[in-house]
Amino acid sequence: MLGVMNCAVLDGFGAKKVRVEVDIARGLPNFTLVGLALSSVKESRVRVQAAISNAGFDFPRAKISVNLAPADVEKNGTAFDLSIALSILQASGVIAASKMEGIAAIGELSLTGEIKPVRGMLALAESVCEQGLKYLLVAKENAQEASLISGIEVRAVDNFGELVEAILNERVEQLKTAESQSCADLEQDWSIDMSDVVGQEEARQALLIAAAGNHNLVYIGGAGSGKSMMASRLPTILPPLSYEEALVLTKIYSIAGLTVTGNLISKRPFRSPHHSITKAGLVGGGSSYIRPGEISLANFGVLFLDELLEFPRAVLEILRQPLENGEVTLSRARHTITYPAEISLVAALNPCPCGYYGQGNKCNCSSIAVNRYQSRLSGPLIDRIDLHVSVPPLDLKLMENSSHGEPSASMRAKVIKARKIQKTRFNGLKTNGKMTRNDIKKFALMTTSASHFLVDAASRLGVSARSYDRIIRVARTIADLEEENNIHKHHIAQALSYRPVAGLIKS
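Source: prediction; values computed, not measured. (Residues numbered from 1 in each chain as written. Predicted model: local features only at pLDDT ≥ 70, side-chain atom pairs only at ≥ 80, totals over all residues. Heavy atoms only, no water.)

1. Considerations on the nonpolar core
Line of reasoning, step 1. Grouped together as the largest cluster of nonpolar side chains are 75 residues, with contacts concentrated most on L86 and L136.
Line of reasoning, step 2. Here this core gets seven residues from one element, more than from any other, and that element is helix α3 (residues 81-91).
Line of reasoning, step 3. What L136 contacts, discounting residues up to four positions off in sequence, is A104, I106, M121, A125, V128, A146, I152, E153, V154 and R155.
Line of reasoning, step 4. With 43 residues, the next largest nonpolar core counts A210, A348, V391 and L496 among its residues. (Core = buried A, V, L, I, M, F, W, Y, C linked by side-chain atoms within 4.5 Å. Buried < 20%, exposed > 50% of the residue type's maximum accessible area, 1.4 Å probe, protein only. Helix = DSSP H or I, 4+ residues; strand = E, 2+ residues; numbered from the N terminus. Contact = heavy atoms within 4.5 Å.)

Structure representation (C-alpha cells):
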C-alpha cells in the first residue's frame, strides 16, 4: 500500500514543497529512506519507529520504502518526522487516505512520541499555504509562529498518539489553535534612552541624520567618549517596525533557529558581533544549511561593529556588496541563496593603536603605526560610509549637570516625520540612503549656490563619484529634517563636514 503526505523543506529564505511517499511491501523487514536526504533526515528512521510503537501502534514488519520528492532537492533537518510517521500508518491501513486530505504535518518526533518544534516554521508554513492545504499540524511551540501566515488553519499537537486519535475520529479541527498577532500588538519598549547621553551634540545630530535617512555612520574617538553608548541607542530613535517588516525579520530569525517559539519580533534588532567573527558568521554560511549571518539578523535594524579596525580586513571587505544592494547573495556548489540585509551600519573605532591620537601628549604612536592601523580599512569601504564623525573626549564637568540631552521619543518623532516625507517621495520603496543616480537627479534638487558650492568643494577635496552622491544623499536627509523641498548651501556644507578629507581622520 501507499501513503502520501505533503510537507516542505527550507530552501534559503523560503521553502519548497516536498511530497512524502511511503510504500509498504512484502519482504524482509527493512526501512529505506531516499530522496537526497542528509544524515539528520535519515536518522528519522529510529525516531519514527520508536514513536509509532510507543504510541500504541504496531510498526509494520515489512519492507518500508520512503521517498522524499523531488529527489533532486537536498533534504535537511527533522521536520519530516511527523509526515513520515503518518504516511507509514496510512500505508499500513491504520489511517484511511480520505482522512488525510488537506492536511500537512511538520514536526520532530521524540522516541516517546512527543512532538518537538523545528526551525524555520514561518517559511515552512508559507510553503504549505501555497500548496492549498487546509490544516497544518505542528508542535505547540511552533503554533504561534505558524499562525502568522494567513490562509491556513494551524493546529497544535502535543504527542503522536493524540494526533492519530484526532485524525481517526475526524477531530482535527478541534485541536488547539493559536491566535495570530496583529500589527497593533507590536511593542516598542526600551530600557535605554538617548537622554542618557551627556554632551556630544555633533555626534547626536549625526545619529539623528543616520536614522532619518538610513545612512551608514562611523564614530572616531578615544576610549570612554561615548561611541558605543550612542550607537546602542540608535534603535530607540528609529521608527517602529511595520507588520510586514516584523514578519520578514521573524522569518530570518526562524530560519536561523533563533526563534522556534513566540510571537513576531517587535523591536528593530541591534547586532554587535565580536571582532573575532568569521566571514560566514558575518554574511552567512554553513555546511549542512546556509545560515543567515549577522548582517541579515540585523535586517531593518542596526549592525554595530565596535573597534572596527580590530576586525580582519578580509571580513570587512565582504560588507561592500551588501551595503550597496541591501541583500547578501551566497553561492554554493548546488544552489545560490539570497538573504535580506537592509541595515544601518554603525561603526566605532580608535584612530590609533593606543586610542589617544590628537589628544595632546597622550598618544605615543608613531606615524607609521597610525598609518598601518588605519590602513586596515580600505578606501572603497570608507567611501560607503556616509557619516564620519569625530567624537572628542567628554568634558567631565558635564557629568555633574542635572539637565539631560534630547530624549529618544522626541528624536524618534523627527525621524518618523522625515521618513514619511521619503515614503511619499519613493512610494515606500526606499530611503534617502538608498537613492540611485536617477533618484538624485529627480528628487535631490539643489539651489544654484548649493550646486556650485558642492562642485567646487568636491573638486578641491578630490572626492570620488560615489562620495559625491553620498554627500547629496546626506544633504537631502538634512533638508528633510528641516522640511525643505530643495537642498540649500548650508545643507551641503553640513553634509561635507561628515566626509573624511584623507583616510579616516579629518583635518
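2. Thoughts on helix α9 (residues 243-255)
For an α-helix, the turn length of 3.6 residues means that residues three or four places apart are oriented alike.
Line of reasoning, step 1. Compared with an ideal rise of 1.5 Å per residue, which puts 13 residues at 18 Å, α9 spans 18 Å between its outermost C-alpha atoms and is within 8% of the ideal.
Line of reasoning, step 2. All of the buried residues in α9 are A246, L249, T250, K251, I252, Y253, S254 and I255.
Line of reasoning, step 3. Where α9 terminates, the next one or two residues include G257, which has phi positive at roughly 80°. (Expected span 1.5 Å × (residues − 1).)

3. Brief notes about the sheet that holds strand β18 (residues 387-391)
Line of reasoning, step 1. Read from one edge to the other, the open sheet built from five strands follows the order β11-β14-β17-β10-β18, with strand pairing classed as parallel. Of all the strands in the sheet, just β11 (270-271) and β18 have a single pairing partner and so form its edges.
Line of reasoning, step 2. Across five bridges, the pairing between strand β10 (residues 217-221) and β18 is parallel. Considered in β18, the bridge of Y219 is made with V389. (Pairing = 2+ DSSP bridges.)

4. Quick notes on the environment of F270
Line of reasoning, step 1. Within the element layout of this structure, F270 appears in strand β11.
Line of reasoning, step 2. Once residues lying within four places of it in the same chain are set aside, the contact partners of F270 are A231, S232, P235, V302 and F304.

5. Quick notes on the environment of E101
Line of reasoning, step 1. Mapping E101 onto the fold places it in the loop between α3 and β5 (103-105).
Line of reasoning, step 2. The exposure class assigned to E101 is exposed, which follows from its relative accessible area of 62%.
Line of reasoning, step 3. Along the backbone, E101 and G199 are 98 residues apart, and their C-alpha atoms lie at a distance of 66 Å.

6. Side note on the pattern of salt bridges
Line of reasoning, step 1. All chains considered together, the criterion is met by 28 salt bridges.
Line of reasoning, step 2. Here R384 ties to E324 by a salt bridge, and the two come within 3.4 Å at their closest N and O atoms. Of the two residues, R384 is situated in the loop between α15 (379-383) and β18 and E324 in helix α13 (residues 320-325); the sequence distance between them amounts to 60 residues.
Line of reasoning, step 3. Look at R384 and you get buried, because its relative accessible area is 9%.
Line of reasoning, step 4. Of the residues examined, E324 reaches a relative accessible area of 32% and is grouped as partly exposed.
Line of reasoning, step 5. Among the charged side chains, a salt-bridge network with shared partners connects E324, D383, R384, D386, R466, R470 and R499. (Salt bridge = Lys/Arg side-chain N within 4 Å of Asp/Glu carboxyl O.)

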